[in-house]
Amino acid sequence: MQLSQLAVAGGFGLLGATLIVSTASLEPVAHIEFGPALFPTIVGWTMIVLAGFAAFDAVRAPAVEAGATQGEPREQLDRHRIILFAAFAAAPVIYVVLAPVLGFLLTMPLIVGGLTFLASGKPVRSILLGLALTILLHLVFYQILRVTLPWGVLTNYAGVLTWR
């Protein structure tokens with residue numbers, strides 16, 4: 001049993017449960033038929049299920065003594081991994097700062113493309129993934145779920161960029 005992995009899985013599951021409980025009492029919004037807690041509830045249950053898989057994996061795995069190896073070399077913590085971790089941790093803050101100014105449609109390709117480029121080092125694939133994921137998220141959240149997304153500098157073009 002790997003206690004550190006089990007602890008992370010437990011924290012992840014607890015975070016999912018907290019998300020479900022804290023959003024269950026949200027007041028209904030007039031333009032949303034299914035209620036504002038639907039998406040957070042789906043995310044919370046997904047977190048709980050994934051935490052269950054991680055906990056099962058942690059319990060099933062043999063315990064590793066301090067300093068012992070399991071036949072697999074441990075991955076070294078290098079500068080690239082630290083930069084990648086910092087970029088992923090800073091991404092929500094960058095979104096909160098840039099989205100009101102640039103808008104969702106310009107901020108998301110920058111963030112997703114940048115994170116993908118840092119992780120893979122492939123610029124063309126990173127740009128394409130950033131654009132494709134932005135379009136998909138815009139369709140799901142703005143068009144289907146009717147979640148208001150910031151327009152930023154594209155406010156004058158909001159009517160052209162929607163399909164309602």
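In this text, all values refer to a predicted model and were calculated from it rather than measured experimentally.

About the criteria used
- Residues numbered from 1 in each chain as written.
- Predicted model: local features only at pLDDT ≥ 70, side-chain atom pairs only at ≥ 80, totals over all residues.
- Heavy atoms only, no water.
- pLDDT = per-residue confidence, 0-100.
- Helix = DSSP H or I, 4+ residues; strand = E, 2+ residues; numbered from the N terminus.
- Axes fitted to C-alpha atoms, helices over the stretch in contact; angles between N-to-C directions.
- Parallel < 35°, antiparallel > 145°, perpendicular 65-115°, else oblique.
- Left-handed = near helix turned anticlockwise from the far one by under 90°.
- Nonpolar A, V, L, I, M, F, W, Y, C, P; charged D, E, K, R; others polar.
- Phe/Tyr/Trp six-rings, centres within 6.5 Å; stacked < 30°, edge-to-face > 60°.
- Buried < 20%, exposed > 50% of the residue type's maximum accessible area, 1.4 Å probe, protein only.

### Let's talk about the confidence of the model for the chain
The share of residues in the chain with pLDDT of 70 or more is 88%, and the mean pLDDT across the chain is 84. Helix 4 (residues 104-120) holds the highest mean pLDDT among the elements of the chain, 95, whereas helix 1 (residues 3-23) holds the lowest, 87.

### Some remarks on the packing of helix 1 against helix 2 (residues 38-60)
Taken N-terminus to C-terminus, the directions of helix 1 and helix 2 make an angle of 165°; their axes are 8 Å apart at the nearest point. Here helix 1 is positioned roughly antiparallel relative to helix 2, judged by the angle of their axes. For the crossing formed where helix 1 meets helix 2, the hand is left-handed. A class-by-class count of the residues in the contact of helix 1 with helix 2 yields 18 nonpolar, 6 polar and 1 charged.

### Looking at the packing of aromatic side chains
Considering all chains together, one arrives at 3 aromatic pairs under this definition. Relative to Phe104, the ring of Tyr95 has its centre 6.4 Å away and its plane inclined at 80°; by these criteria the two rings are edge-to-face. Note on Tyr95: relative accessible area 23%, which makes it partly exposed. Residue Phe104 is classed as buried on the basis of its relative accessible area, which comes to 6%. Judged by centre distance (5.5 Å) and plane angle (85°), the ring pair of Tyr142 and Trp151 falls under edge-to-face. Neither residue differs from the other here; Tyr142 and Trp151 are each classed as buried.

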